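Geometric and topological summary
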Amino acid sequence: VRQKIYEDADSPDIMQERGVELIEGKVTFKDDHSIEVWGKNGTDTISFRSAIMTAGGAPWVIPIKGLDKIPYLTNETIFELTKQPKHLTILGSGPIGVEMAQAFTLLGSKVTVIALDPQILIRDEPKCTQFAKDKLEGLGVTFHLEQTIHNIYKKNSTYQLDVGPLPGKTTKIITDALLIAVGRKPNLENLNLQKAGVTYDKHGIPVDRYCRTNVKHIFACGDITTWMKFTHVAENMAKAAAINATFKIPMIKYEQDVVPWVTYTDPECAHVGKTASELESENVKFDTIELPYSKIDRAVTEHEEEGLVMLHTSGGKILGAHVVGYQAGELINEYTLAMKNRLKLSKIADTIHAYPSMLLGARRAADQYYVRLQKKWMSRLVKFLFRYKGEIPDYIGSKTVL
């Protein structure tokens, strides 16, 4: 499957068929208008009016005593395995760590996850990530949170890991494979960016909203920059960089304000915008709306009732949307579109959605905002004016989920 996608979109042959001149080799800057390429046919010097750097990133490997003596895995090598590990230990509880934890557990491996963070998927809403953690633990994954690996010893065909919060208080874990999944770093080595006058640090190359470095005719996008390390973010940045470099004037900005991301576990965990803790730290007043998956008819018919839609809103404006459950990665796109175009929850609530569909859940969550807007005095006034009978529902203006 990986090879099929590569050949269809990313292979050198595809690039050349579209008119791109491709030169394979190692690259270094000579100055701010030329690069040197060491390739199969020797060394070439190429001058340019504009350049775009898309050198990507690599797994970030933290220093651990004894790690240099074992053949550890990263997200770049784990997909090349031809033999399944009996016991896979994962350092890191971000998207890569938890996705691989579930995948290898379902394949039959014993899996242990070690992380310094107090929760998995630390940048998502805790109430949402708890769904994922409960599911993983139910499958047999063992978590050691707020701990790390202090030492590694090779023991025949296995490895002993000293794991704990402090070096002196550790538990021994025996494993036959270790995956390092603590993040990514930019590929800056050997580029000689200083010769081009391009500013950078260990986190990557800073760029403005038009993907320009401090040298305005040299652009950068994707994992080599200091911005988010996601494929869809790199694609968005590449669009801006290509247009701005071509026309030589700043025309298109890449997206910084409304960026969704999804962790592809089962259940999926997705979010766009800010979490409750981020809003509280900024002293923003907001309301939170929650809709359980059990209120989405399509989820019920698919036997996928474990899940939650959580919205943070102020005056109907969506400040953050968080979804955990079946097809969460699809639902989050509707909220992303709404936030990008500054559509309030009322616009989603007023838009007809096909029944039964999962996206109807996005509308059903927006419906709850209308329920909270209603006041009992409004109902009393309508009742008086039109001489209606009956009691005013007790859910009017409440947080009851309908």
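Above this text is the structure in question.
Residues numbered from 1 in each chain as written. Predicted model: local features only at pLDDT ≥ 70, side-chain atom pairs only at ≥ 80, totals over all residues. Heavy atoms only, no water.

Observations regarding the overall build of the chain
Our working rule: Only DSSP runs of H or I reaching four residues or more are called helices, and only runs of E reaching two or more are called strands; each is numbered from the N terminus. Buried means the residue's accessible area, taken with a 1.4 Å probe over protein chains only, is under 20% of the maximum for its type, while exposed means over 50%, and partly exposed covers the values in between. Contacts are residue-level and defined by heavy atoms, with any inter-residue pair within 4.5 Å sufficient. Using a 1.4 Å probe, the Shrake-Rupley method yields the accessible areas, and only the shown protein chains count as cover for residues. Neither His nor the chain ends is counted toward charge; the positive residues are Lys and Arg and the negative residues Asp and Glu. Throughout, a charge is located at the NZ atom of Lys, the CZ atom of Arg, the CG atom of Asp or the CD atom of Glu.
Counting secondary structure elements, the chain contains twelve helices and 19 strands. Taking the principal axes of its C-alpha atoms as reference, the chain extends roughly 90 × 60 × 40 Å. Per-residue burial over the chain gives 44% buried out of 402 residues. Look at the contacts in the chain between residues 6 or more apart in sequence, and 55% of them connect residues 24 or more apart. Carbon and sulfur atoms make up 53% of the accessible area of the chain, which amounts to about 22700 Å² in all. Of note, the chain has its 50 positive side-chain charges centred 5 Å away from the centre of its 48 negative side-chain charges.

Here we look at the pattern of salt bridges
Test applied: What makes a salt bridge here is a side-chain nitrogen of Lys or Arg within 4 Å of a carboxyl oxygen of Asp or Glu, nothing more.
Going through the model one piece at a time under the given rule, you end up with 13 salt bridges. Residues Glu-80 and Arg-2 are paired through a salt bridge, measuring 3.0 Å at the closest nitrogen-oxygen approach. Note that Glu-80 is positioned in the loop between strand S5 (57–59) and strand S6 (87–91) and Arg-2 in helix H1 (residues 2–10), a separation of 78 residues in sequence. A relative accessible area of 49% means that Glu-80 is categorised as partly exposed. Salt bridges here are not isolated pairs; linked through shared partners, they connect Asp-208, Arg-212 and Lys-216.

Notes on the side chain of Ser-357
Rules: In protein, a polar contact means a hydrogen-donor-capable atom and an acceptor-capable atom, both N or O and within 3.5 Å, with residues adjacent in sequence counting only if both atoms are side-chain atoms; elsewhere, any N or O pair within 3.5 Å suffices.
Structurally, Ser-357 is set in the loop between helix H10 (345–349) and helix H11 (360–373). Among the polar contacts made by the side chain of Ser-357, one reaches the main-chain carbonyl oxygen of Ala-354 at a distance of 2.7 Å. For Ser-357, the residues in contact, after removing those within four places along its chain, are Ile-296 and Arg-298.

Points about the sheet that holds strand S17 (residues 287–292)
The condition that has to hold: Following DSSP output, two strands are said to pair if at least two bridges run between them. In this description, a line fitted to the C-alpha atoms serves as the axis of each element, helices being fitted only across the stretch in contact, and the angle between N-to-C directions of two axes falls anywhere from 0 to 180 degrees.
Pairing is antiparallel in the open sheet, where five strands are placed in the order S15-S16-S19-S18-S17. Single-partner strands in this sheet number two, and they are strand S15 (261–263) and S17. Within this sheet the neighbouring strands show an average axis-to-axis angle of 15°, counted without direction. Pairing of strand S18 (residues 308–314) with strand S19 (residues 317–325) involves seven bridges; the strand directions are antiparallel. Paired with Met-310 across the two strands is His-322, which belongs to S19.

Focus: the packing of aromatic side chains
Put simply, the rule is: Pairing of aromatic side chains here covers Phe, Tyr and the six-membered ring of Trp, requires ring centres within 6.5 Å, and sorts the geometry by plane angle: under 30 degrees stacked, over 60 edge-to-face, intermediate tilted. Note on geometry: a ring has a charge over it if NZ (lysine) or CZ (arginine) is within 6 Å of the ring centre and within 35 degrees of the ring normal.
Evaluated as defined, the whole model comprises four aromatic pairs. Between Phe-29 and Phe-48 the ring centres are 6.2 Å apart and the planes differ by 80°, which places this aromatic pair in the edge-to-face class. Here Phe-29 is found in strand S1 (residues 25–31), whereas its partner Phe-48 is found in the loop between strand S3 (42–47) and strand S4 (51–53), with 19 residues between them in sequence. We note that Phe-29, like Phe-48, is buried. Sitting above the plane of the Tyr-254 ring, Arg-209 keeps its charged end 5.8 Å from the centroid.

Concerning the environment of Gly-42
Along the polypeptide, Gly-42 turns up in strand S3. Sequence-wise, Gly-42 and Gly-25 are 17 residues apart; in three dimensions their C-alpha atoms are separated by 9.2 Å.

Looking at the sheet that holds strand S12 (residues 177–180)
Strand pairing in a sheet takes place through backbone hydrogen bonds and is either antiparallel or parallel in direction. Pairing is parallel in the open sheet, where four strands are placed in the order S8-S7-S6-S12. Two strands bound the open sheet, and with one partner strand each, they are strand S8 (142–145) and S12. In this sheet, neighbouring strand axes are inclined to one another by 15° on average, regardless of whether the strands run parallel or antiparallel. The pairing of strand S7 (residues 110–115) with S8 spans four bridges and is parallel. When the sheet's bridge partners are listed, Thr-112 is paired in S8 with Thr-142.

Looking at the packing of helix H3 (residues 95–107) against helix H4 (residues 126–139)
What counts is decided by this rule: Reported orientations rely on four angle classes, namely roughly parallel under 35 degrees, roughly antiparallel over 145, roughly perpendicular from 65 to 115, and oblique for the rest. Rotating anticlockwise by less than a right angle from the far helix to the near helix defines a left-handed crossing, while the corresponding clockwise rotation defines a right-handed one. Basically, the charged four are Asp, Glu, Lys and Arg, the nonpolar ten are Ala, Val, Leu, Ile, Met, Phe, Trp, Tyr, Cys and Pro, and anything else, Gly included, counts as polar.
For the pair H3 and H4, the least separation of the axes is 10 Å and the interaxial angle reads 30°. Comparing their axes, H4 and H3 come out roughly parallel. Between H3 and H4 lies a crossing whose hand is left-handed. Seen from H3, the contacting residues are Val-98, Gln-102, Thr-105 and Leu-106; seen from H4, they are Lys-135, Leu-136 and Leu-139. Residue classes in the contact of H3 with H4 are distributed as four nonpolar, two polar and one charged.

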